[in-house]
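# Coordinates in review
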Amino acid sequence: MGAASPIRVLLAKVGLDGHDRGLRVVARILRDGGFEVIYAGLRQTPEMIAAAANQEDVDVVGVSMHNGAHLTLAPAVVAALRAAGLDTPVVVGGIVPDADKAEMAAAGVAAVLGPGASNEEIVSTVSAAARAAYGSGAERAVR
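Residues numbered from 1 in each chain as written. Predicted model: local features only at pLDDT ≥ 70, side-chain atom pairs only at ≥ 80, totals over all residues. Heavy atoms only, no water.

### What about the pairing of strand β5 (residues 109-113)?
For β5, the buried fraction is high: four of the five residues fall into the buried class. As judged from the four bridges shared by strand β4 (residues 90-94) and β5, these two strands associate in the parallel manner. Counterpart to Val 92 in the pairing with β5 is Val 112. (Buried < 20%, exposed > 50% of the residue type's maximum accessible area, 1.4 Å probe, protein only. Helix = DSSP H or I, 4+ residues; strand = E, 2+ residues; numbered from the N terminus. Pairing = 2+ DSSP bridges.)

Structure, rendered in structure tokens:
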């Protein structure tokens, strides 16, 4: 088999949050880090994200939250992915109080990145989520 294909990441804003500058920066960081990035954009529903993740055959879903609805919307994204038959890990970025991180992990969120996360932290966190889901090579088994 040839070289491993790049990790595919779907990035989206869920709900009515219209602030996407940070998500666009993350998209560039991941692209520059060797990831293949699919940008779904603003105002996505959990079901739209699950459909795009399935259609694009992504390894990780990244969701940006700046609206305070992370305890509702992030678990809804995880649930929509699972309802679609996908085990795709979800990484949340944005404003998430430390006190809420355990509840999000219990709801199936793989990782949370807060404001000021370094480029290296973003790349390593998304890579780790893919490795945890698909193995040490971060390469999915043939489906």
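Back to the text.
### A few points about the side chain of Asp 59
Locating Asp 59 in the fold gives a position in the loop between α2 (46-56) and β3 (60-65). What makes Asp 59 buried here is its relative accessible area of 2%. Only 2.7 Å separates the side chain of Asp 59 from the backbone nitrogen of Arg 8, close enough to count as a polar contact. (Polar contact = N/O pair within 3.5 Å; in protein donor to acceptor, adjacent residues only side chain to side chain.)

### Here we look at the side chain of Thr 125
Its location among the elements puts Thr 125 in helix α5 (residues 119-134). Relative accessible area serves as the criterion here: at 16%, Thr 125 is assigned to the buried category. For Thr 125, the contacting residues outside a window of four places in its chain are Val 91, Ala 111 and Leu 113. (Contact = heavy atoms within 4.5 Å.)

These figures capture arrangement, not role.
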